[in-house]
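Okay, here's what each chain looks like letter by letter:
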2 protein chains.
Amino acid sequence: MDRPGRRTITGFSNPTVKALRALRDKKHRKRERRFLAEGLRLLTDARESGRLPEILVMAEGRDPHPLLAALEADVLAAGGEVIETSADILGKITGKDNPQAVAGVFAEFDTALSAIDRSAAPIWLVAQALRDPGNLGTMLRTGDAVGAGGLILIDDCADPFSVEAVRASMGAVFTQTIAQASWDAFLPWLRGGAGQLVAASLREAVPYRGAQYAAPCFVLVGNESRGLPAEYEAACDLRVTMPMKGRADSLNAAVAAAVLAYEVLATLDP
Amino acid sequence: MDRPGRRTITGFSNPTVKALRALRDKKHRKRERRFLAEGLRLLTDARESGRLPEILVMAEGRDPHPLLAALEADVLAAGGEVIETSADILGKITGKDNPQAVAGVFAEFDTALSAIDRSAAPIWLVAQALRDPGNLGTMLRTGDAVGAGGLILIDDCADPFSVEAVRASMGAVFTQTIAQASWDAFLPWLRGGAGQLVAASLREAVPYRGAQYAAPCFVLVGNESRGLPAEYEAACDLRVTMPMKGRADSLNAAVAAAVLAYEVLATLDP
């Protein structure tokens, strides 16, 4: 007999399977305000960051693991649900041929600007109209590495809770604070407290190396093809540029953010 | 009447359409030793780097452009073919709903180690078992930006001539020298001349900042999930590590390569 909070699903056409699978679709995900994360490592990162899935889905026949047992116990203790199913059904849910042995369904986090405590970290990453979820996840991962507090998404960015972004973040989606705001809401918020806004720029700018960075430093990169609008750059406290020795005039957005963020880190925390 | 080297294709089932479309598939691409690149900007980068497509495919009804006219003339003068077709058919070939107005079919370049002149540049990027074509293209783009000579692909890497890699390279696939080799071939080649091999490492390593880089510097990053094999790291002249302030223990491979390569650039070319 199943214990409370536990159940087993054996059929592909089970409505729960369909509902979980639908979370890979943005429209459905936004309506449900839930998202999927896969893999014991990611779910353990989440748990150790105080984030538990509402639903834990595990494949039958997986190897026992103390971290999985701990996760299972915590989910049940928090009133969540543990679903056991076949590896094939788990693969259908996550959309992967070789699914990890476990996946979790999380409630989306609050992404209001008010969730950000700017004094909590010396560096914050800011992306404007970033369209590629892989780039977005990579920026979260970089933010974690440089000790940033989080990522602020300006204007129409990719969804940080998409499967691709969560995957590319390598767990940082759970450790970095994420905020979403229009430029018109972000700028007054920023100016309402301490904070230096630094643009990675292609226009008139000082060399990124040796520039006068100050904490809390907000590192802003623009859209993958268009870069930052000129008026956004003009509103920044500092415009910096990286050497471009070849034919290209720009870097990948996530790469530009990382090179700049590591330079800021070296300046603020030498 | 069509001029020599020019033709118009109006049918989706035309064998040339099928043959071009098949270039998106790796097996077919390797057999044909041809690859696809899209967009006037990319094709102009190619042309200015001395690489002309064997076949230029253009959508009817595109806006006239002097760079396109120049490209067309050069392709015909070099004995290539110019195909005019509908935007829908071009979309079928490139696999994009909103295809750029022009695409080219290029012969793959020679990727033997012997194609590399190590004295031609102070920095070379090296990737081991890099599996993601987007990461590979991003590394090519970064290499162009830091003035690297090229990218050496060790062991089983993604295909640098895949549509995704070509796209992510933003033209650098035409400006960077690309070589493919096993580790067992690469290491003797490297030791047969000047060259410092530097690993981005998670193991015992010195801080990447202020390390003693020397030209020609070969910057080596490993596989996205496993990193570099320990014995590869042991064979390096220098192992360096970036600060990791958060929970994660590694960066995205293309990001690690970029942060390290910009540090090398700042040291060698201050």
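Conventions we followed
- Residues numbered from 1 in each chain as written.
- Chains lettered and ligands numbered in written order.
- Predicted model: local features only at pLDDT ≥ 70, side-chain atom pairs only at ≥ 80, totals over all residues.
- Heavy atoms only, no water.
- UniProt positions renumbered as here; feature names shortened; annotations may be inferred.
- Helix = DSSP H or I, 4+ residues; strand = E, 2+ residues; numbered from the N terminus.
- Contact = heavy atoms within 4.5 Å.
- Buried area = accessible area lost by both parts, 1.4 Å probe.
- Salt bridge = Lys/Arg side-chain N within 4 Å of Asp/Glu carboxyl O.
- Polar contact = N/O pair within 3.5 Å; in protein donor to acceptor, adjacent residues only side chain to side chain.
- Nonpolar A, V, L, I, M, F, W, Y, C, P; charged D, E, K, R; others polar.
- Pairing = 2+ DSSP bridges.
- Axes fitted to C-alpha atoms, helices over the stretch in contact; angles between N-to-C directions.
- Core = buried A, V, L, I, M, F, W, Y, C linked by side-chain atoms within 4.5 Å.
- Buried < 20%, exposed > 50% of the residue type's maximum accessible area, 1.4 Å probe, protein only.
- Least-squares fit on C-alpha atoms with pLDDT ≥ 70 in both.

J.: Can you walk me through the UniProt feature "domain: RNA 2-O ribose methyltransferase substrate binding" (unreviewed entry) in chain A in this structure?
T.: Cross-referencing UniProt, the feature "domain: RNA 2-O ribose methyltransferase substrate binding" (unreviewed entry) maps to residues 36-112 of chain A in the present numbering. Helix makes up 38% of residues 36-112 of chain A and strand 25%, whereas the separation of the span's terminal C-alpha atoms amounts to 21 Å.

J.: Please explain the interface of chain B and chain A as it appears in this structure.
T.: Quite often, the size of an interface is put as the accessible area lost when its parts meet. Taken residue by residue, the interface counts 35 residues in chain B and 35 residues in chain A. Regarding the contact of chain B and chain A, the summed buried area is about 2900 Å², with carbon and sulfur atoms giving 51% of it. Counting across the chain B and chain A interface gives 10 salt bridges. One salt bridge connects B:E263 with A:R209, and the closest N-O pair in it is separated by 2.9 Å. Taken together, the connections running from chain B to chain A amount to 24 residue pairs in polar contact (both at pLDDT 80 or more). Among the secondary structure elements, those contributing two or more residues to the side of chain B that touches chain A are α3 (40-48), α6 (133-146) and α11 (253-268) of chain B. A class-by-class count of the residues in the side of chain B that touches chain A yields 15 nonpolar, 9 polar and 11 charged.

J.: Sorry, what's going on with the sheet that holds strand β5 (residues 102-107) of chain A here?
T.: Pairing between the strands of a sheet comes from backbone hydrogen bonds, and it takes one of two forms, parallel or antiparallel. Residues and elements named next belong to chain A. With respect to topology, 5 strands assemble into an open sheet ordered β1-β4-β3-β5-β2, the strand pairing being mixed. With one partner strand each, in any of the chains shown, β1 (6-9) and β2 (34-38) form the two edges of the open sheet. Here the average twist between neighbouring strands, direction ignored, is 20 degrees. Of the pairings in the sheet, the one linking strand β3 (residues 55-59) to β5 comprises 4 bridges and is antiparallel in character. Bridging across to β5, I55 finds its partner in V105. On the sheet, helix α4 (residues 66-77) packs against β1, β3, β4 (81-85) and β5 and is oriented at approximately 145 degrees with respect to β3. Across the sheet, helix α5 (residues 87-94) lies against β1, β2, β3, β4 and β5, angled at about 130 degrees from β3, the strand it touches most.

J.: I tried to follow the nonpolar core on my own but got confused; where do I start?
T.: General note: in soluble globular proteins, nonpolar side chains tend to be found buried as a group. The biggest cluster of nonpolar side chains holds 118 residues, and the ones touching the most others in it are A:Y213, A:L260, B:Y213 and B:L260. Ignoring anything within four residues of it in the chain, the contact list for A:Y213 reads A:Q196, A:V198, A:Y208, A:L238, A:V240, A:L260, A:E263, A:V264, A:T267 and A:L268. If you look at the next biggest cluster of nonpolar residues, it comprises 21 residues, including B:W124, B:I154, B:F186 and B:F218.

J.: How should I be thinking about the relation of the copies chain B and chain A in this particular structure?
T.: Two copies of the chain are present, and they differ by a rotation about an axis and a shift along that axis. Each copy of the sequence occupies a distinct position, and chain B is placed on chain A by a rotation of 180 degrees and an axial shift of 0.0 Å, giving an RMSD of 0.0 Å. When the rotation and shift are considered jointly, the pair of chain copies conforms to a two-fold rotation axis. The residues that chain B uses at the interface reappear at the interface of chain A in 100% of cases, marking a shared surface.

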